[in-house]
Amino acid sequence: AELIHKMLAGNSLDAIRKPHFETLSIALTKAVEQNPTALDGEVYQIHCPMAYPDRGADWLQSTPDTQNPYLGTVMQTCGELKKTFLRLNKIPNDQ
């Protein structure tokens, strides 16, 4: 909850993107890795090597076409597919 409050307190999109979006992305990725049966369809982990000069950054999205949240419209397609998460154990009639 503290992270969400910090993000909401950001006075610009850049203040939300770095470092808060990375922290949120890491937490969401761990949650998806631990519980892939909670997914409704495919989730894609994308990596942008330019988000941070020393390491890049990852994020999750619902489509395979890169939509970079770190670099904005200037480099919206910068990134590569790192992993695809699938819901493997779908229960019949599951909603």
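Residues numbered from 1 in each chain as written. Predicted model: local features only at pLDDT ≥ 70, side-chain atom pairs only at ≥ 80, totals over all residues. Heavy atoms only, no water.

1. Concerning helix α2 (residues 13-34)
Counting along an α-helix, one turn takes 3.6 residues, and residues three or four places apart therefore face a common direction. The condition that has to hold: In DSSP terms, a helix is any run of H or I states spanning at least four residues, a strand is any run of E spanning at least two, and both are numbered starting from the N terminus. To estimate how far a helix should reach, multiply one less than its number of residues by 1.5 Å. Think of it this way: the bend at a residue is just the angle between two axes, each fitted to seven residues, one set ending at that residue and the other starting at it. Only protein chains enter the accessibility calculation, which uses a 1.4 Å probe; a residue is then buried when its area is under 20% of its type maximum, exposed when over 50%, and partly exposed in between. Only heavy atoms matter for contacts: two residues are in contact if any of them lie within 4.5 Å across the pair.
Between its first and last C-alpha atoms α2 spans 30 Å; for 22 residues at 1.5 Å apiece the expected length is 32 Å, and the two agree. Residue His 20 marks the point of greatest curvature in α2, where the axis turns by about 50°. Listed in full, the buried residues belonging to α2 are Arg 17, His 20, Glu 22, Ser 25, Thr 29 and Val 32. Against the buried residues of α2 lie α1 (2-8), β1 (43-48), β2 (57-61) and β3 (80-85).

2. Looking at the side chain of Gln 61
The criterion, for reference: Definition of a polar contact: a pair of N or O atoms within 3.5 Å, with one able to donate and the other able to accept a hydrogen when the atoms are protein atoms, and with sequence-neighbouring residues admitted only if both atoms are side-chain atoms.
Relative to the helices and strands, Gln 61 is located in strand β2. For Gln 61, the side chain forms a polar contact with the main-chain oxygen of Asp 65, separated by 2.7 Å.

3. A few points about the nonpolar core
Where we set the bar: We define a nonpolar core as any set of buried Ala, Val, Leu, Ile, Met, Phe, Trp, Tyr and Cys residues linked to one another through side-chain atoms lying within 4.5 Å.
Core analysis: the largest hydrophobic core is formed by nine residues, namely Tyr 44, Ile 46, Cys 48, Ala 51, Tyr 52, Ala 57, Trp 59, Tyr 70 and Cys 78. Counting residues per element, the ones that place at least two in this core are β1 and β2. No other element matches β1, which puts three residues into this core. For Tyr 52, the residues in contact, after removing those within four places along its chain, are Arg 17, Lys 18, Pro 19, Glu 22, Ala 57 and Tyr 70.

4. Notes on a nonpolar patch on the surface
Operational definition: Note that patches include only residues with greater than 30% relative accessible area and no salt bridge, and the join distances are 9 Å for like charges and 5 Å for nonpolar side chains (Val, Leu, Ile, Met, Phe, Trp, Tyr). Working definition of accessibility: Shrake-Rupley area with a 1.4 Å probe, residue cover restricted to the visible protein chains. Counted as salt bridges are all cases of a side-chain nitrogen of Lys or Arg within 4 Å of a carboxyl oxygen of Asp or Glu.
Taken together, the side chains of Met 50, Val 74 and Met 75 make up a nonpolar region of the molecular surface, amounting to roughly 300 Å² of accessible area. Positionally, Val 74 belongs in the loop between β2 and β3.

5. A few points about the packing of aromatic side chains
What counts here: In this analysis, rings of Phe, Tyr and Trp, with Trp reduced to its six-membered ring, are considered paired at centre separations within 6.5 Å, and the interplanar angle assigns stacked below 30 degrees, edge-to-face beyond 60, and tilted for intermediate values. Only when the NZ of Lys or the CZ of Arg is both within 6 Å of the ring centre and within 35 degrees of the ring normal is a charge said to sit over the ring.
Tallied over the entire structure, the rule returns three aromatic pairs. With a centroid separation of 5.4 Å and 75° between ring planes, the pair formed by Phe 21 and Tyr 70 is classed as edge-to-face. Residue Phe 21 is located in helix α2, and its partner Tyr 70 is located in the loop between β2 and β3; the two are separated by 49 residues in the primary sequence. Site record: aromatic cluster; members linked through ring pairs are Phe 21, Tyr 52, Trp 59 and Tyr 70. Lying over the aromatic face of Tyr 52, Arg 55 brings its terminal NZ or CZ to 4.2 Å of the ring centre.

6. Here we look at the sheet that holds β2
Strand pairing in a sheet takes place through backbone hydrogen bonds and is either antiparallel or parallel in direction. The condition that has to hold: Pairing between two strands is assigned when DSSP locates at least 2 bridges connecting them. Helix axes use the C-alpha atoms of the stretch in contact, all axes being lines fitted to C-alpha atoms, and the angles between their N-to-C directions lie in the range 0 to 180 degrees.
Spatial ordering of the open sheet is given by β2-β1-β3, a layout of three strands whose pairing is antiparallel. The open sheet has two edge strands with one neighbour each: β2 and β3. Within the sheet, the average angular offset between the axes of one strand and its neighbour, ignoring direction, is 25°. As paired strands, β1 and β2 are joined by five bridges and run antiparallel to one another. When the bridges of β2 are listed, Ile 46 appears paired with Trp 59. On the sheet, α2 packs against β1, β2 and β3 and is oriented at approximately 60° with respect to β2.

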